[in-house]
Structure formats: C-alpha cells, structure tokens
Amino acid sequence: MNKIGTLLASTMLAVGFSATAMAADINLTISSWLPPSHPINTEMLEGLVDMMEEATDGKVSGEIKLGLAPPPAQMDLILDGAADITIIFNGYQPGRFVGTKLIELPGYEGNAEAASVAYWQVHEKYLAQLDEFKGTKVIALNTHGPGQIHSNKPVSTLEDLQGLKTRLGGGVSADVGAELGLIGIQVPAPKVYETLSSGAADAVAMNMGERISFKLNEVAKNVYEMPGGFYRGAFAVLMSEEAFDAMPDDVKTALEEKVFGEPASKMMGAAWDKSDAQAREATMAAGDNNIVTASAEDQAKFAEMAARVRTKVLAEISGLGIDADAAHEMVSSAMASYGK
C-alpha cells in the first residue's frame, strides 16, 4: 500500500451508511474528499448508491468514506485497491488528463446535465482511446455548471481581473486565467474558504453552487458572471476493475445497462444544476452579496479570449491523435440540442 497505507491511518468519516448497505451482498467502499454536506456526497454519490441498489435488487450497495486520501491521490486509492469507487477532479493533476479538457472549454451552450451527458458520449466515441484513466473502470463522467469569478472585492469589468490573486482548479480554468491576467493560486477546493479568509487569495474560480458548499457568501461576496461561464470543471467517477470483475455476471449486466455510463452521468450533472440554482437564490437573498453580469462589450472581449483557449486546447488534444475538431463539434451539437 506504501503511501496509501499511511493515508488510511487518518480518521475516516462514513456518510450514507444504511441498513440496506449492511444487508447487501456486495458493499462497495466509496471514497470522497469533499465536506460531508457537499452535493457530490449527498446527491451524486448517494444517488449512485441508490441507483446501484435499485438496479441490482439490493445486491450491491456502497458506503461513502471521507478522509482516505487527499484529492490528487484519489485515483491511486483505486489502483492500490484501498477503495472500490472514487470521484476525481481532473484538473488537480496537470498534464495527466489532457483529452478531458475538451469538455471544460468555454463557449458551449447548455447546463451541467447537458454537458455531463455530452461528456460521456464524446468519451465513448473519442476520448476513451487515450486511456487516461488506465487501470480503472470509468463508470460516470460529469462537469459542474459554468465557472464564474467569486471575489472579496468588487469586480465589474474584465479589466478589474488583471492581477487578481485567484484560486484556479487547473485544467482549462488555468488557461482561461492566463488570458484574463489572473495570478493563479492552486489549492484543493476544501481549502478555498481558508485561502480567501486569510487573504492568500482575492478570488476563486468556481461554479455558483460552491457558494453554499464552501461558504463563499462569507468570504467572496462578489460574483462576476460571464454568461455561459468562463470554463467548466471535469470530474470522473472511477471503479476498481478488480472489484467489478469479481461481481456475478447478472449484477455486472444490471449495473452496465441501468447505472454506469450515461444514466449516472446525467444524474450527477442534474445535481450540479440543482446546487447552482440553490446557491444563486441564496446569494441574491443575502443583503451583502452582489452578482454583476459582464457587459456586452466584455462578453465580446472574452469571446476572443475563449477562441484562443479553444485553439490551444484543441491543438493539445489533436497532438494525442484525436480528431479534436470533430470531438468539439460533437459536444457543441449535443449540448445545444439537449432536451429539445
């Protein structure tokens, strides 16, 4: 177990541990690095457990555990056999996940549910061949909603972003941050409140829902919102290949047909949209919080920046042997037509 064995000695907190899970034939250990009340735990991973239980008539369940490893080491938990399922944020490991940046690009039309479904579809057709999650079984993919800038000082124009010390999660958010003139600071999401309250950062790039999850209404009272978002953040839900292979064939078939892939990805995207809507309401209701929408002039300026970022990222993906332009068009079309 090497380093993972040491990490497992840390305090573990289980959430969503039910009588159903105790009675299941197969009870999977699901690792999460988010706070207990975060939607990834309460909506997405709990939702995944519910879907697995329903699809298998209670034969498969899961126990969500926190504190098994820091965010960048989550995939190693699966590879080392220390957990059966986990969720990772791809941007935490720069250079390891390149193809996944496709779904993070600015300029797509649609919400997180549409993006998550399109992400799974483009993964199956184009990105899976890159094998960026080698050694694991990819069971769901999702993106959070449009990423915006949340700051502890008023921001009303793109120019106000110049030199702003901003927590960036990696991936395309880092590429966009460079275009905007932000001074990038990288810390895991659970450290955002501390980073902003201490003054180590002036702002953070996140989706709207995180205003509740990480109490941004207290330490980043200003939101500078770009319609459609500055970027999106990509997540992958990974499972141990050994754990899956050890299941009876009928169970594997039920999970593959009713849960894994597009169904779970769609569910998780919808959960992101729900959290964004709730956080927007809370922000608007707070008397000392403010949301500023970018002007038409700034939207046009950002469109030029976004085009440069897309050119850069698509070139990176093309360099891996993928038809990046076709993949990008697939995502754009799928999201624009989603639900219509």
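None of the values given here were measured: they were computed from a predicted structure.

Cut-off values and rules
- Residues numbered from 1 in each chain as written.
- Predicted model: local features only at pLDDT ≥ 70, side-chain atom pairs only at ≥ 80, totals over all residues.
- Heavy atoms only, no water.
- Helix = DSSP H or I, 4+ residues; strand = E, 2+ residues; numbered from the N terminus.
- Rg over C-alpha atoms; globule rule 2.2 N^0.38 Å.
- Buried < 20%, exposed > 50% of the residue type's maximum accessible area, 1.4 Å probe, protein only.
- Areas by Shrake-Rupley, 256 points an atom, 1.4 Å probe, with all protein chains shown as cover.
- Lys, Arg positive; Asp, Glu negative; His and termini not counted.
- Charge placed at Lys NZ, Arg CZ, Asp CG, Glu CD.
- Expected span 1.5 Å × (residues − 1).
- Bend = angle between axes of the 7 residues up to and from the residue.
- pLDDT = per-residue confidence, 0-100.
- Contact = heavy atoms within 4.5 Å.
- Core = buried A, V, L, I, M, F, W, Y, C linked by side-chain atoms within 4.5 Å.
- Phe/Tyr/Trp six-rings, centres within 6.5 Å; stacked < 30°, edge-to-face > 60°.
- Lys NZ or Arg CZ within 6 Å of the ring centre and 35° of its normal.

The next point concerns the overall build of the chain. The helix and strand tally for the chain stands at 14 helices and 12 strands. For the chain, whose C-alpha radius of gyration is 20 Å, the value lies close to the compact-globule estimate of 20 Å for 340 residues. Seen through its C-alpha atoms, the chain measures out along the principal axes to roughly 60 × 45 × 40 Å. For the chain, the proportion of its 340 residues judged to be buried stands at 56%. Entry remark: accessible area of the chain is about 13,500 Å², with carbon and sulfur atoms responsible for 52%. Looking at charge distribution, the chain has the averaged site of its 26 positive side-chain charges lying 4 Å from that of its 45 negative ones.

What follows is about helix α3 (residues 39–55). With 17 residues, α3 should reach 24 Å at 1.5 Å per residue; the first-to-last C-alpha distance of 22 Å fits that figure. Maximum bend of α3: about 25°, positioned at Glu46.

So, about the confidence of the model for the chain. In this model, the chain carries a mean pLDDT of 93, and residues with pLDDT of at least 70 account for 93%. In the model, residues 1–21 has pLDDT below 50 throughout and makes 45 contacts with residues more than four positions away in sequence or in other chains.

In this structure, Leu102, Leu158, Leu161, Leu180, Tyr224, Phe230 and Phe302 are the most contacted members of the largest nonpolar core, which totals 53 residues. At 7 residues, helix α13 (residues 296–318) tops the list of elements feeding residues into this core. Not counting the four nearest positions on each side in its chain, Leu158 is found in contact with Leu180, Tyr224, Met226, Phe230, Asp298, Lys301, Phe302 and Met305. Core analysis: the next-biggest nonpolar cluster, separate from the first, contains 48 residues, Val60, Val192, Met239 and Phe260 among them.

Next up on the list: the packing of aromatic side chains. Tallying each qualifying case throughout the model produces 8 aromatic pairs. Residues Phe89 and Tyr92 carry aromatic rings whose centres are separated by 5.0 Å and whose planes lie at 65° to one another, so their mutual orientation is edge-to-face. Like Phe89, the residue Tyr92 is buried in the burial classification. For the ring pair Phe235 and Trp272, a centre distance of 5.2 Å and an interplane angle of 35° mean the geometry is tilted. A residue pair is termed long-range when its members are at least 10 positions apart, and Phe235 in strand β11 (residues 234–240) and Trp272 in helix α12 (residues 262–285) qualify at 37 residues. Each member of the pair, Phe235 together with Trp272, is buried. The ring of Phe244 has Lys137 lying over it, and the distance from NZ or CZ to the ring centre is 4.4 Å.

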